[in-house]
Amino acid sequence: QAASQRALEIDPELLEAKCTAAWLKLLLKRDWRGARRGFDEALKHQPPCTRCMVGRAMLHIAEGCLKEASGLLLEAAQQNALSSPAMALYFWSEYLAGEYANALHQIEQYRASGRSGPVVDAVEALASIQLEEPDAYIRRMETLAVDSPHQDVLRGALGYAYAVTGQSQRASELLNAMTNPGTRSKSRQPYAIALILIGLNERQKAVHWLEQSYLEGSLWSLGFPSDPILAPLRNDPHYRLFLSKISYPVAENAGLSLGFAG
């Protein structure tokens, strides 16, 4: 944050510094209006900065404007073929929008080109849960976990899958491995821990970890209002109390805050 401010003092028109400042407002300060102004101003430059396009798309996700987010992320990925984050986040926006089959199809094509990554693995797991039968999606996630044993959200999705299919002991073992301070594999993603707790129907504990995810500025927390796997919490009093203490941006020309729409 200090480096960003110093860069703007040296050159107020420096595009990368403007983009960085907007990202900080989005994730660190949750200054939605400031982030929107920053990204929109930066995107006036031509050609548009890929990082700014991705940031504006993340704000669309927080607003609940998933179609707009997907379109902008796809444009960013096409503009910069080397931007793996843009494509991975496009898969995530499709999952959030309920386009599970398309997300999995696009991920299959992406992997065929020799690319992968933690967000891709996580979204493949999350979309599989929504679309496939338990035996199929558990096998899929276990295979991914063998190749990527330390990817937190993938492991959280696997723990959720174990829990909802009656394999509570295996889910609890994963949960302990991710939360025990004495293990090297302690999770850096509270969202991942919350997924297992949702599967185990420990909703109050799950909400605690979702709140931590939001406070830490996790990208995953931008999708909470739309995230299909959080559906069991929508009417939970602890989750609704959590939503009442935080904020999500109102989309331009929208009348209601999407943080309370679910």
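Residues numbered from 1 in each chain as written. Predicted model: local features only at pLDDT ≥ 70, side-chain atom pairs only at ≥ 80, totals over all residues. Heavy atoms only, no water.

Asker: So, the packing of helix α10 (residues 152-164) against helix α11 (residues 168-179): which residues are in play, and what are the values?
Answerer: Look at α10 against α11: their axes get within 7 Å of each other, and the N-to-C directions meet at 155 degrees. As summarised for this structure, α10 and α11 are arranged roughly antiparallel, according to the angle between their axes. The way α10 lies across α11 gives a crossing that is left-handed. Here Asp-152, Arg-155, Gly-156, Leu-158, Gly-159, Tyr-162 and Ala-163 of α10 lie close against α11, whose contacting residues are Ser-168, Arg-170, Ala-171, Leu-174 and Met-178. (Axes fitted to C-alpha atoms, helices over the stretch in contact; angles between N-to-C directions. Helix = DSSP H or I, 4+ residues; strand = E, 2+ residues; numbered from the N terminus. Parallel < 35°, antiparallel > 145°, perpendicular 65-115°, else oblique. Left-handed = near helix turned anticlockwise from the far one by under 90°. Contact = heavy atoms within 4.5 Å.)

Asker: Account for the packing of aromatic side chains, naming residues and giving values.
Answerer: Scanning the entire structure with this criterion turns up 12 aromatic pairs. The interplanar angle of 25 degrees and the centroid separation of 6.0 Å between the aromatic rings of Tyr-191 and Phe-224 together place this pair among those described as stacked. Pair noted here: Tyr-191 is in helix α12 (residues 190-199) and Phe-224 is in the loop between α13 (203-215) and α14 (237-245), with a separation of 33 residues, a long-range link. As far as the burial class goes, Tyr-191 and Phe-224 line up, both buried. An angle of 50 degrees between the planes, with centres 5.9 Å apart, marks the rings of Tyr-239 and Phe-242 as tilted. (Phe/Tyr/Trp six-rings, centres within 6.5 Å; stacked < 30°, edge-to-face > 60°. Buried < 20%, exposed > 50% of the residue type's maximum accessible area, 1.4 Å probe, protein only.)

Asker: Quick one: what's the story with the environment of Trp-92, residue by residue and with numbers?
Answerer: Its location among the elements puts Trp-92 in helix α6 (residues 84-96). Exposure remark for Trp-92: the relative accessible area of 2% places this residue in the buried category. In this structure the C-alpha to C-alpha distance between Trp-92 and Ala-69, which are 23 residues apart in sequence, comes to 9.9 Å. Once residues within four sequence positions are removed from consideration, Trp-92 is found in contact with Met-58, Ile-61, Val-123, Leu-219, Trp-220 and Gly-223.

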